[in-house]
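Letter by letter, the chains look like this.
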Amino acid sequence: MSSRDAAFEAYFAARSDAMRGTAYLLCGDWHRAEDLVQQTFTKLYLAWNRIQRHESMDNYTRQTLVRTFLSERRRGWFRFESVGASPSDRPAPASGLADERMILQEALLQVPPRQRAVLVLRYWEDASVEQTAALLDCSVGNVKSQASRGLQTLRGLLHEEKVR
């Protein structure tokens, strides 16, 4: 095995689970999250020799993941097969907040994709406004407005759920 492949394999082993969690928050489906992560790491492997600083790969990988998700969303619904509701692949968290987490995740899926990407990067990945702007290749002001609108939409959806 070449040193290139060994370095990539080590990075994949260390970061694929975290990227899968981010992908799930973006798309809301573990199977699609797996596909997004696979596409992301395939793109990363193809660019691996051109990347100079392998120790700071997380931002590049996250950016590739989000852009792959947004690009997939632009292609339209007709490109996807829908098998129906699938059972969760992950066990519920140990805390008693499982119902609240599910409600939050369902509401997050109703937020428009670009706003959802900003919310996931800012509040799940804990990226700064500047980092999020760089990852999404947009202005800081755009990130702030998308975050504000996304939070407003999310609050509205959660309020509707609470009223039910």
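Let me begin by describing the structure that accompanies this report. (Residues numbered from 1 in each chain as written. Predicted model: local features only at pLDDT ≥ 70, side-chain atom pairs only at ≥ 80, totals over all residues. Heavy atoms only, no water.)

1. Let's talk about the nonpolar core
Here is step 1: Counting residues in each nonpolar core, the largest one holds 39 residues, and the members touching the most others are Leu26, Phe41, Leu44, Val66 and Leu136.
Here is step 2: Listed by contribution, the elements that provide at least two residues to this core are helix H1 (3-27), helix H2 (30-47), helix H3 (58-75), helix H4 (98-109), helix H5 (113-124), helix H6 (129-136) and helix H7 (140-163).
Here is step 3: No other element matches H1, which puts 8 residues into this core.
Here is step 4: Domain assignment of the residues forming this core places at least three in each of domain 1 (1-79) and domain 2 (95-163).
Here is step 5: The contact partners of leucine 44, leaving out residues within four places of it in the chain, are Phe8, Tyr11, Ile51, Met57, Tyr60 and Thr61. (Core = buried A, V, L, I, M, F, W, Y, C linked by side-chain atoms within 4.5 Å. Buried < 20%, exposed > 50% of the residue type's maximum accessible area, 1.4 Å probe, protein only. Helix = DSSP H or I, 4+ residues; strand = E, 2+ residues; numbered from the N terminus. Domains from an automatic or database assignment. Contact = heavy atoms within 4.5 Å.)

2. Quick word on the packing of aromatic side chains
For any pair of aromatic rings, the description rests on two quantities: the centre-to-centre distance and the angle between the ring planes.
Here is step 1: A complete count under the given rule lists 7 aromatic pairs for this structure.
Here is step 2: Ring centres 5.3 Å apart and planes at 85 degrees place the aromatic pair phenylalanine 8 and tryptophan 48 in the edge-to-face group. Taken as a pair, phenylalanine 8 in helix H1 and tryptophan 48 in the loop between H2 and H3 lie far apart in primary sequence, 40 residues in all. Summarising the burial analysis for this pair, phenylalanine 8 and tryptophan 48 share the class buried.
Here is step 3: Ring centres of phenylalanine 12 and phenylalanine 41 lie 4.8 Å apart, and the angle between their planes is 85 degrees; on these two criteria the pair is classed as edge-to-face. Here phenylalanine 12 is found in helix H1, whereas its partner phenylalanine 41 is found in helix H2, with 29 residues between them in sequence.
Here is step 4: Residue phenylalanine 12 is classed as partly exposed on the basis of its relative accessible area, which comes to 33%.
Here is step 5: Every member of this aromatic cluster is reached through a ring pair, and the members are Phe8, Tyr11, Phe12, Phe41, Tyr45 and Trp48.
Here is step 6: Above the plane of the ring of tyrosine 123 lies arginine 122, whose end atom (NZ or CZ) is 5.4 Å from the centre. (Phe/Tyr/Trp six-rings, centres within 6.5 Å; stacked < 30°, edge-to-face > 60°. Lys NZ or Arg CZ within 6 Å of the ring centre and 35° of its normal.)

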